[in-house]
Amino acid sequence: MDDARELSRRTALALGGTGALGGALILAGCAPSDSDGAGGSGTGTDAGGDGTPTAAAGEDVAALADIPVGGSISATIGGEPVLLSQPTAGEVVAFSAICTHQRCTVAPEGAALICPCHGSTFDFATGKVEQGPALEPLPSVPVSVDGDRVIAG
Ligand code: FES
């Protein structure tokens with residue numbers, strides 16, 4: 001009798017243990033999805049909102065001579081990728097190189113600004129969309145020419 005009672009007590013403990021373990025597994029199973037939910041919205045890293053450099057006024061960006069007249073080059077301002085264009089000799093304009101479609105980095109190619117991800121093209125002198133899927137122009141970034149240098153701001 002005692003043996004049988006002892007056995008059923010052990011069985012109950014074992015089952016209880018399994019139940020607790022099962023509960024722990026269920027909780028553990030929930031943890032990753034909770035983490036995913038919290039981490040899913042934390043992918044944005046741009047402090048400037050749309051990738052437009054904001055606090056780099058005065059930064060020496062490039063030599064004027066490095067920008068072809070009628071073309072563009074890639075550069076950075078405040079650590080953000082930009083495109084510098086020289087539509088006419090001595091006139092320099094800059095745009096954020098972050099594509100307004102899905103944020104790939106737009107690159108100069110001849111007189112065109114082309115996004116490698118889905119093929120959007122932008123006017124090198126104005127940043128306006130020439131071909132989608134992007135709908136919005138590349139944001140303008142203020143620059144000025146100081147002698148033979150291009151300066152942010
Ligand atoms: Fe540039 Fe899609 S991210 S065209």
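All values reported here derive from a predicted model rather than from experimental measurement. (Residues numbered from 1 in each chain as written. Predicted model: local features only at pLDDT ≥ 70, side-chain atom pairs only at ≥ 80, totals over all residues. Heavy atoms only, no water.)

**Quick notes on the overall build of the chain**
Next, step 1: The helix and strand tally for the chain stands at 1 helix and 11 strands.
Next, step 2: Going from the N terminus to the C terminus, the chain shows its helices and strands as α-β-β-β-β-β-β-β-β-β-β-β.
Next, step 3: Sorting the 153 residues of the chain into buried and exposed places 29% on the buried side.
Next, step 4: Sequence separation of 24 or more characterises 46% of the internal contacts of the chain that already satisfy a separation of 6 or more.
Next, step 5: Just so you have it, the chain exposes about 8900 Å², and 58% of that area is on carbon and sulfur atoms. (Helix = DSSP H or I, 4+ residues; strand = E, 2+ residues; numbered from the N terminus. Buried < 20%, exposed > 50% of the residue type's maximum accessible area, 1.4 Å probe, protein only. Contact = heavy atoms within 4.5 Å. Areas by Shrake-Rupley, 256 points an atom, 1.4 Å probe, with all protein chains shown as cover.)

**Regarding the pattern of salt bridges**
Next, step 1: Evaluated as defined, the whole model comprises 1 salt bridge.
Next, step 2: Of the charged contacts, one joins arginine 149 and aspartate 60 as a salt bridge, the two residues approaching to 2.6 Å between their closest N and O atoms. Of this pair, arginine 149 sits in strand S11 (residues 149-152) while aspartate 60 sits in strand S1 (residues 60-63), and the two are 89 residues apart along the sequence.
Next, step 3: For aspartate 60, a relative accessible area of 41% translates into the label partly exposed. (Salt bridge = Lys/Arg side-chain N within 4 Å of Asp/Glu carboxyl O.)

**Notes on the environment of glycine 147**
Next, step 1: Structurally, the position occupied by glycine 147 is in the loop between strand S10 (143-146) and S11.
Next, step 2: The class of glycine 147 is exposed, set by a relative accessible area of 59%.
Next, step 3: Measuring from C-alpha to C-alpha, the distance between glycine 147 and glycine 90 comes to 9.3 Å, with 57 residues separating the pair along the chain.

**Describing the sheet that holds strand S2 (residues 72-77)**
Next, step 1: The strand order across the open sheet built from 4 strands is S2-S3-S4-S9, with neighbouring strands paired in antiparallel fashion. On the outer flanks of this sheet lie S2 and strand S9 (140-141), each paired with one strand and no other. (Pairing = 2+ DSSP bridges.)

**Overview of the sheet that holds strand S5 (residues 107-109)**
Next, step 1: The 4 strands are arranged S5-S6-S7-S8 in an open sheet whose pairing can be described as antiparallel. Of all the strands in the sheet, the pair left with one neighbour each is S5 and strand S8 (129-131). For this sheet, the mean angle separating the axes of adjacent strands, direction not counted, is 40 degrees.
Next, step 2: Where strand S6 (residues 112-114) meets strand S7 (residues 121-123), 3 bridges bridge the pair, whose relative direction is antiparallel. Within S7, the position partnered with leucine 113 by the bridge is phenylalanine 122. (Axes fitted to C-alpha atoms, helices over the stretch in contact; angles between N-to-C directions.)

**Some words on the environment of aspartate 60**
Next, step 1: The sequence separation of aspartate 60 and isoleucine 151 amounts to 91 residues, and the corresponding C-alpha distance is 4.7 Å.
Next, step 2: Only 2.6 Å separates the side chain of aspartate 60 from the side chain of arginine 149, close enough to count as a polar contact. (Polar contact = N/O pair within 3.5 Å; in protein donor to acceptor, adjacent residues only side chain to side chain.)

**What about the state of the cysteines?**
Next, step 1: Throughout the structure, instances matching the rule amount to 1 disulfide.
Next, step 2: Here cysteine 104 pairs with cysteine 117 through a disulfide, and the sulfurs are 1.8 Å apart. Disulfide cysteine 104-cysteine 117: the torsion about the S-S bond is -90 degrees, which places it as left-handed. Of this pair, cysteine 104 sits in the loop between strand S4 (91-96) and S5 while cysteine 117 sits in the loop between S6 and S7, and the two are 13 residues apart along the sequence.
Next, step 3: Judged by relative accessible area, which is 19%, cysteine 104 ranks as buried. (Disulfide = S-S within 2.5 Å.)

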